[in-house]
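In case you want the letters, here they are:
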Amino acid sequence: MEKKSTISKKTLKIILGICIAAAILAVAGLFGYTYMADHNTLGRKISVWGVEVSRLDAKQAEEKIAAEFENRPVSFQENDKEVYSMTLKDLGYSLNEEDLLNKLTDLQKQREENRKIFPKEENVNLECQMEEDEEQEKQALDLSNFGTEERKSSTDASIQYNEEKKEFILVKQVQGTEIDPDKLETTVDTNLNAAFDTALLGDTITIPLNKHVYISPAVTATEDMENKVTSLNSQLKKYRSTTVTYTFGSETVVLDADTISSWLKAEGETLTLDEDAIKTYISDLANKYNTIYVPRTFHTSTGTDVTIEGNEYGYRIDQDGEYAQLVEDLKSGTAVTRDPVYSKTGYQRNGTDDLAGSYIEVSLDAQHLWLYKNGKLVTETDIVSGKPVKGRETYRGAWPIAYKASPFNLTSAEYGYDVKVNYWMPFVYGQGLHDASWQSSFGGNRYKTNGSHGCINLPKDQAALIYETIDAGYPIIIY
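Residues numbered from 1 in each chain as written. Predicted model: local features only at pLDDT ≥ 70, side-chain atom pairs only at ≥ 80, totals over all residues. Heavy atoms only, no water.

Engineer: Would you explain the nonpolar core in this entry?
Structural biologist: Where a protein is soluble and globular, its nonpolar side chains tend to be buried together. By size, the foremost hydrophobic cluster in this structure holds 40 residues, and its most contacted members are Val74, Phe76, Leu91, Leu104, Leu184 and Leu192. For this core, the secondary structure elements donating two or more residues are strand S1 (46–48), helix H2 (58–70), strand S3 (73–78), strand S4 (81–87), strand S5 (93–95), helix H3 (97–113), helix H5 (181–198) and strand S10 (205–208). In terms of residue count, the dominant contributor to this core is H5 (5 residues). Grouped together as the second largest cluster of nonpolar side chains are 33 residues, Leu271, Tyr315, Ile317 and Leu326 included. (Core = buried A, V, L, I, M, F, W, Y, C linked by side-chain atoms within 4.5 Å. Buried < 20%, exposed > 50% of the residue type's maximum accessible area, 1.4 Å probe, protein only. Helix = DSSP H or I, 4+ residues; strand = E, 2+ residues; numbered from the N terminus.)

So, in structure tokens, the structure goes:
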């Protein structure tokens, strides 16, 4: 049979004593460790904004947190690529050391007062004061740091004339990539503040470079601009569909759409007419069709041509008035037919011919008068004109008959006469056609001795016929 070994009571007492002593030493050691770890430090299992600061005193923790903050990376991303990186310290950002130290000191005291043998993990997000060096930030954000490639300028929205389409179009704005320093600084500050609100310390802060930092177009497309394009194209269409037909009696001159189109000046967002070109056109028209105040070549009834220098009968285009009227016509978009705007008008015309077969012709040398109406001779008669002495000669020239009066008293204080005539048709400077009962004959050289004071004396029946045939404005040509 085997012998069983047994432990004496004394031995058990010794072993139990040793265990108790060991337990006491362990507890004493734990308390000693806890005291050493927690005394004058932030304690165990403690972090601030995710940074481990266990067993660090307030100053050590402040230095570690400040360094973690300053070394936090900042990355500038453009088109999903990093174009520039730096730290918060490079940007001029730092934590206020005194404020942070005070807060950590308060935290340390608070934890010492609530010391635990078996603490739980704790993370404290302290409110920290930040400091910013604006000058350093400006240097860090110098535009030369953001890539070497040339950046594109923004272009403004604009109204332009498209030569290919022959119309106005609205060209919308285009966002460029040039960086606006002020926008960049604002964007950096905004993104940093947002990151700090989430986590004062932590991963890389990403700042996007996009339209929010680019220089924006100064002008963007608006509804008003679209309306203006519509209005410009509407006016353009009207100009191109307008024609002006000038009437000169039976002769016409057509200002066509091609000529009008050549006057259009589309520059940027303006549509104007070439003022000089229009005035040149009107001037050319006037040079061709004006008939007054220029020497007149007249084909006489005897078959010769004479030049009438004192030509005060005919048509004259009012060039300023015609310009104003033409501009209004061009805006209408219609086919306009009209006479030019005149400052002077004659009795009738056919193209450059302002007599058109209706006129009174007087030859002083032949002492004879012819009356034509619509190209047909109505009558002719001998006359007595002004006596060929100073102050009594009949004026040579061309004029319109000013008016008609029947009967009429002819008076002159200078020459002392007061006579009644049956038919009075003045043409210029008090001279006129009239019957003259005191003349016993007409024609020949009678005017040299018994000539009038400038008027053209007529037999009564001829004066009556002429009076009944003509109207005010009827041309008379005396040579």
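Engineer: Even after reading the chapter, I still don't get the sheet that holds strand S11 (residues 243–248), so can you show me in this structure?
Structural biologist: Sheet strands pair by backbone hydrogen bonding; their relative direction is either parallel or antiparallel. The 3 strands lie next to each other as S12-S11-S18, forming an open sheet whose pairing is mixed. Both outer strands of the open sheet, strand S12 (251–255) and strand S18 (335–338), are each paired with one neighbouring strand and no more. Taken pair by pair, the neighbouring strands of this sheet meet at an average axis angle of 15°, ignoring direction. Two elements, S11 and S12, share 5 bridges in a ladder whose sense is antiparallel. Along S12, the bridge assignment pairs threonine 245 with valine 254. Along the sheet, helix H8 (residues 275–289) makes contact with S11 and S12, crossing S12 at roughly 170°. (Pairing = 2+ DSSP bridges. Axes fitted to C-alpha atoms, helices over the stretch in contact; angles between N-to-C directions. Contact = heavy atoms within 4.5 Å.)

Engineer: Got a minute to help me understand the sheet that holds S3 in this structure?
Structural biologist: On the basis of which strands lie adjacent, the open sheet formed by 3 strands has the order S4-S3-S10 and mixed pairing. Strands with a single pairing partner mark the edges of an open sheet, and in this sheet they are S4 and S10. Strand-to-strand twist across the sheet, computed as the mean angle between neighbouring axes with direction ignored, equals 25°. Against the sheet, H5 engages S3 and S10, with an angle of about 145° to S10.

Engineer: Honestly, the pairing of strand S21 (residues 368–373) in this entry has me stumped. Any pointers?
Structural biologist: Burial analysis of S21 places 5 of its 6 residues in the buried class, the great majority of the element. Bridge count between strand S20 (residues 359–363) and S21: 5 bridges; the pairing is antiparallel. Across the sheet, the residue bridging to tyrosine 359 is tyrosine 372, located in S21. Here S20 folds back onto S21 in antiparallel fashion, the turn holding 4 residues, of which glutamine 367 has a positive phi close to 50°. Sheet topology note: the S21/strand S22 (residues 376–382) ladder contains 6 bridges and is antiparallel. Its bridge partner lying in S22, lysine 373 is registered against lysine 376.

Engineer: Sorry if this is basic, but what is going on with unusual backbone geometry here?
Structural biologist: One can expect most non-glycine residues to show negative phi and most peptide bonds to be in trans. Along the chain, serine 406 connects to proline 407 via a cis peptide bond; the corresponding omega equals -5°. The topology assignment puts proline 407 in the loop between strand S23 (397–400) and strand S24 (408–412). If you check the backbone angles, lysine 166 has positive phi at about 60° while not being a glycine. Counting through the fold element by element, lysine 166 comes out in the loop between strand S8 (158–162) and strand S9 (167–171). Residue lysine 166 is classed as partly exposed on the basis of its relative accessible area, which comes to 43%. Notably, tyrosine 293 is not glycine yet its phi reads approximately 65°, a positive angle. Tyrosine 293 gets classed as partly exposed once you look at its relative accessible area, which sits at 44%.

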